[in-house]
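# Fold and contact review
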Amino acid sequence: MASRSSHKIPVVEVPWLTEQGLDLSRFPIDCVLRQALSPNEEEFRTGCCLLRSMSYGGRVEAGVFLLGLLRHYPEDYGRLTLIAEALGSFPSVATVDALASELRRVKGSSSTRGYLRRIIRTLEQLPAQLAEEQIQELSTDPQVGARFRQHLRSITLRYLDE
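Residues numbered from 1 in each chain as written. Predicted model: local features only at pLDDT ≥ 70, side-chain atom pairs only at ≥ 80, totals over all residues. Heavy atoms only, no water.

From N to C terminus, the protein chain includes 8 helices and 2 strands. The secondary structure elements of the protein chain, listed N-terminal to C-terminal, are β-β-α-α-α-α-α-α-α-α. Within the protein chain, the proportion of its 162 residues that are buried is 39%. (Helix = DSSP H or I, 4+ residues; strand = E, 2+ residues; numbered from the N terminus. Buried < 20%, exposed > 50% of the residue type's maximum accessible area, 1.4 Å probe, protein only.)

Our focus in this paragraph is the packing of aromatic side chains. The tally for this structure, following the rule as stated, stands at 2 aromatic pairs. With a centroid separation of 5.5 Å and 80° between ring planes, the pair formed by F44 and Y73 is classed as edge-to-face. Here F44, found in helix α2 (residues 41-56), pairs with Y73, found in the loop between α3 (60-72) and α4 (77-86); they are 29 residues apart in sequence, far enough to count as distant. Overall, the relative accessible area of 0% leaves F44 in the buried class. Accessibility expressed as a relative area gives 11% for Y73, which makes it buried. For the ring pair Y77 and Y115, a centre distance of 5.9 Å and an interplane angle of 40° mean the geometry is tilted. Here Y77, found in helix α4, pairs with Y115, found in helix α6 (residues 113-125); they are 38 residues apart in sequence, far enough to count as distant. Each member of the pair Y77 and Y115 is classed as buried. The cationic tip of R79 hangs over the ring face of F44; the distance from NZ or CZ to the ring centre is 4.3 Å. (Phe/Tyr/Trp six-rings, centres within 6.5 Å; stacked < 30°, edge-to-face > 60°. Lys NZ or Arg CZ within 6 Å of the ring centre and 35° of its normal.)

Its location among the elements puts R149 in helix α8 (residues 146-161). With no salt bridge to any partner, buried R149 finds its closest opposite charge in D141, at an N-O distance of 6.6 Å. If sequence neighbours within four positions are ignored, R149 has contacts with L138, S139, T140, D141, P142 and V144. (Lys, Arg positive; Asp, Glu negative; His and termini not counted. Salt bridge = Lys/Arg side-chain N within 4 Å of Asp/Glu carboxyl O. Contact = heavy atoms within 4.5 Å.)

So, about α2. The end-to-end C-alpha separation of α2 is 23 Å, in line with the 22 Å expected for 16 residues at 1.5 Å each. The complete set of buried residues in α2 reads F44, G47, C48, L51, M54 and S55. Down the axis of α2, the buried set is contained in an arc of 125°. They therefore lie on one face. Opposite the buried face of α2, at more than 90 degrees from it, the exposed residues are E42 and Y56. In this structure, the buried side of α2 is in contact with α1 (30-36), α3 and α4. Where α2 begins, one side-chain oxygen reaches toward the backbone nitrogen of E42, 2.9 Å away; that side chain belongs to N40. Within two residues after α2, G58 carries a phi angle of roughly 100°, on the positive side. (Expected span 1.5 Å × (residues − 1). Arc of directions from axis to C-beta. Polar contact = N/O pair within 3.5 Å; in protein donor to acceptor, adjacent residues only side chain to side chain.)

The next point concerns the pattern of salt bridges. A full pass over the atoms with the stated rule returns 9 salt bridges. When the shortest N-O distance is used, the salt bridge between R105 and E102 registers 2.8 Å. With R105 and E102 both in helix α5 (residues 93-105), this residue pair falls 3 residues apart, about one helical turn. Across the pair R104 and D141 runs a salt bridge, and its minimum N-O distance is 2.5 Å. Of the two residues, R104 sits in helix α5 while D141 sits in the loop between α7 (128-138) and α8, which places them 37 residues apart along the sequence. Salt bridges here are not isolated pairs; linked through shared partners, they connect R71, E75, E102 and R105.

Next comes the structure, spelled out in structure tokens:
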């Protein structure tokens, strides 16, 4: 009978596994993209979460893909809410513009309210130098619902206080 020590598991060296753990800046993105497109809700959530983490880790392509997901799921407000939250990891003019467009495109209702609130929270969390001007414009835009404009105005007042 062979001893346990004689059965060695071969170790495959991959660039995304380091002594500190998983390095998302080097992790292959293909399988993550497929997860974010999955009809399975759990796989979608996992893919979206990984894209957010990759974006925080400096993977610009992950942030760009998240922007594309806004257009891929135009009426799925549950998924759009997760995407809007994940876009907080991608502070860019493109993100601000896309979120502002969504605030103008989506009409407020009981089914969209959570999504629209998430967009505003994400805009608020982005650096002021990126989002301030767009938030000021949205706060007076008649395409944006009255309550949401009011919330946006309160954010602009905070910018003035800083």
